[in-house]
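Below are the chains, spelled out letter by letter.
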Amino acid sequence: MERWLSEDGWGNASSVHATGRKAQERIEAARDGVARLLGTRPGRISFVSGATEANNAAVAAWAVRNRARPMLVASRLEHPSVQEPMLRLAAAQSVEWLPVTSQGRVDLDGLETLPSEHMGMLAVMAANNETGALQPWREACAWGAERSVPVHADLTQVVGKMALSLDGSGAASASLSGHKLGALAGIGVLWSREDLAPMTVGGAQERGRRAGTENLAGIVTLGAVADWLVRHGAEEQARTQRLGARLRELLGSVPGIAFSVPQDKALAGTVHLRLPTDAEPVLIRLDMQSVCASMGSACSAGVAKPSRTLLAMGWTERESRSALRLSLGWSTEEGELSEMTRILGQILSNLAGAARTSE
Ligand code: PLP
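Conventions used here
Residues numbered from 1 in each chain as written. Predicted model: local features only at pLDDT ≥ 70, side-chain atom pairs only at ≥ 80, totals over all residues. Heavy atoms only, no water. Near = heavy atom within 4 Å. Polar contact = N/O pair within 3.5 Å; in protein donor to acceptor, adjacent residues only side chain to side chain. Helix = DSSP H or I, 4+ residues; strand = E, 2+ residues; numbered from the N terminus. Nonpolar A, V, L, I, M, F, W, Y, C, P; charged D, E, K, R; others polar. Pairing = 2+ DSSP bridges. Axes fitted to C-alpha atoms, helices over the stretch in contact; angles between N-to-C directions. Contact = heavy atoms within 4.5 Å. Phe/Tyr/Trp six-rings, centres within 6.5 Å; stacked < 30°, edge-to-face > 60°. Lys NZ or Arg CZ within 6 Å of the ring centre and 35° of its normal. Core = buried A, V, L, I, M, F, W, Y, C linked by side-chain atoms within 4.5 Å. Buried < 20%, exposed > 50% of the residue type's maximum accessible area, 1.4 Å probe, protein only. Salt bridge = Lys/Arg side-chain N within 4 Å of Asp/Glu carboxyl O. 1 Å grid on protein atoms, 1.4 Å probe; cavity = no way out; pocket = protein on both sides within 12 Å on 5 of 7 lines; lining within 4 Å. Points joined across faces, edges and corners; volume = space filled by probe spheres on them.

Caption draft 1: Structural detail: the site of the ligand. Every one of the 14 residues lining the ligand counts as a neighbour, but Thr-52, Asp-154, Gln-157, Ser-177 and His-179 are closest to it. A distance of 2.6 Å separates a nitrogen atom of the ligand from a polar atom in the side chain of Asp-154. Between the ligand and Thr-156, the relevant distance is 3.5 Å, taken from a nitrogen atom to a side-chain nitrogen or oxygen of the residue. The biggest single contributor to the shell around the ligand is helix α3 (residues 51-65), with three residues. Its residues assigned to classes, the shell around the ligand shows two nonpolar, 10 polar and two charged.

Caption draft 2: Main features of the sheet that holds strand β7 (residues 188-192). One open sheet holds the seven strands; their spatial order is β1-β7-β6-β5-β4-β2-β3, and the pairing between them is mixed. Only two strands of the sheet have a single neighbouring strand rather than two, namely β1 (45-48) and β3 (94-98). Direction aside, neighbouring strands of the sheet carry axes that sit 20° apart on average. Relative to strand β4 (residues 119-123), strand β2 (residues 71-75) is paired through three bridges, and the arrangement is parallel. If you follow Val-73 over to β4, its bridge partner there is Leu-122. Taken strand by strand, helix α2 (residues 18-38) contacts β1, β6 (173-177) and β7, and its axis lies near 115° from that of β1.

Caption draft 3: Representation of the packing of aromatic side chains within the structure. Summed over the entire model, instances satisfying the criterion amount to zero aromatic pairs. The ring of Trp-97 is capped by Arg-76, whose NZ or CZ atom sits 4.2 Å from the centre of that ring. Seen from the ring of Trp-315, Arg-274 lies directly overhead, with NZ or CZ sitting 4.0 Å from the centre.

Caption draft 4: Representation of the side chain of Arg-31 in the model. Inspection of the secondary structure puts Arg-31 in helix α2. In this structure Arg-31 touches Pro-42, Ile-45, Ser-46, Phe-47, Glu-206 and Arg-207, once residues within four positions along its chain are discounted.

Caption draft 5: Up close: the nonpolar core. Counting 59 residues, the largest nonpolar core has Phe-47, Leu-122, Trp-137, Leu-155 and Leu-222 as its most contacted members. Ranked by residue count, the leading element in this core is helix α6 (residues 216-251), at eight residues. Sequence-distant contacts of Trp-137, that is, excluding residues within four places in its chain, are made with Val-124, Met-125, Ala-126, Ala-153, Leu-155, Leu-164, Leu-166 and Ser-169. Listed in part, the 25 residues of the second largest apolar core include Leu-283, Leu-324, Leu-348 and Leu-351.

Caption draft 6: A look at the pattern of salt bridges. For the structure shown, the criterion picks out 19 salt bridges. A salt bridge links Arg-239 to Glu-236, with the nearest nitrogen and oxygen atoms 3.3 Å apart. Residue Arg-239 and its partner Glu-236 are located together in helix α6, separated by three residues, close to a single helical turn. The class of Arg-239 is partly exposed, set by a relative accessible area of 22%. Judged by relative accessible area, Glu-236 falls into the buried class, the value being 15%. A salt bridge links Arg-318 to Asp-278; its shortest N-O distance comes to 3.6 Å. Taken as a pair, Arg-318 in helix α9 (residues 317-320) and Asp-278 in the loop between β9 (270-274) and α7 (279-288) lie far apart in primary sequence, 40 residues in all.

Caption draft 7: Quick peek at empty space enclosed by the protein. Taken as a whole and assessed by the stated rule, the structure comprises three cavities of 30 Å³ or more. Of the voids in this model, the largest cavity is the one considered here, and its volume is about 110 Å³. Considering the residues around the largest cavity, the lining is formed by 14 residues, among which Leu-190, Leu-196, Ala-197, Pro-198 and Arg-209 are closest to the centre. Every residue lining the second largest cavity is listed: Phe-47, Val-48, Ile-187, Glu-206, Arg-210, Gly-212, Glu-214, Asn-215 and Ile-219. Of the residues belonging to the lining of the second largest cavity, the class tally is four nonpolar, two polar and three charged.

Caption draft 8: Looking closely at the environment of Ser-338. When you line up the elements, Ser-338 lands in helix α10 (residues 334-358). With 92 residues separating them along the chain, Ser-338 and Arg-246 place their C-alpha atoms 8.9 Å apart.

Structural data, given as structure tokens:
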């Protein structure tokens, strides 16, 4: 990003002067890279500010387009940026929540009890952002394509972590956020098979699909990450697979903790645990030793509400307070895993000792 922006300058891609034209070239090169990563053609990609905007825009567009089919379908596993716009529309359109299994997977059998001819859209994410549980989004897309029900797939948690071929998937729309891959925050993609009504109107940027001056720095970084992943993604995925398996093996020896989702049903780099105690004091002590972990989802951290995802999986409110999430990334090194496990084991044993003394 530094190189491109210092060589080409901060052009506005809508300007006709040379710097503007260079900016537009950069944007189109990035779009090509992202298209290769997603297995699609560049014309189906719109750059937006992130998955939140893409999810909001997709829900609104499908709901408006399919007013005559007013049933919106999703599950409580979806990210709030899918659930909340659906709930806002609930006065005019009905929202149906699909059942969820105790392993955190949406149960598509629930679709058979609903009238598909009334469905305006179905949203099924590719992997859950809290538990890492993999979802049957490909099956949902195929189901929707057979019945002309548009299926929106939130791919935020899986892009770069598995091979994708969106054009052949049957999906009607999809979303992702660049910062999950290592691009800057504030850039994302709304992919759609056909043009959707834009959320922002004004200028003619993004071929009229998303008004507003483009986030050139964000787009350039997303393009660079996409190019890198097309070349090295498979190696990185194998590395994460190995590290994830190792982390689970190490954590298996810590007394009292349980894995929320079996290894083969979750993203390799997301390990969701139920601790034998509330997670908050553990998280604080981990942070004091430079371990960055999460409780529930990062979006709801700091909000004392129990996670909708965990409640949907059948956890009680009390149990949901004991959830801890550990995520691996491209910067994680193998040695850090045993060190982190040692620190976590020590914290849990100290807290158990303190609880015994105070009894
Ligand atoms: N969807 C999923 C599955 C996510 O994990 C996130 C962020 O964590 C989002 C949507 C929203 O992304 P952003 O906050 O970048 O808009």
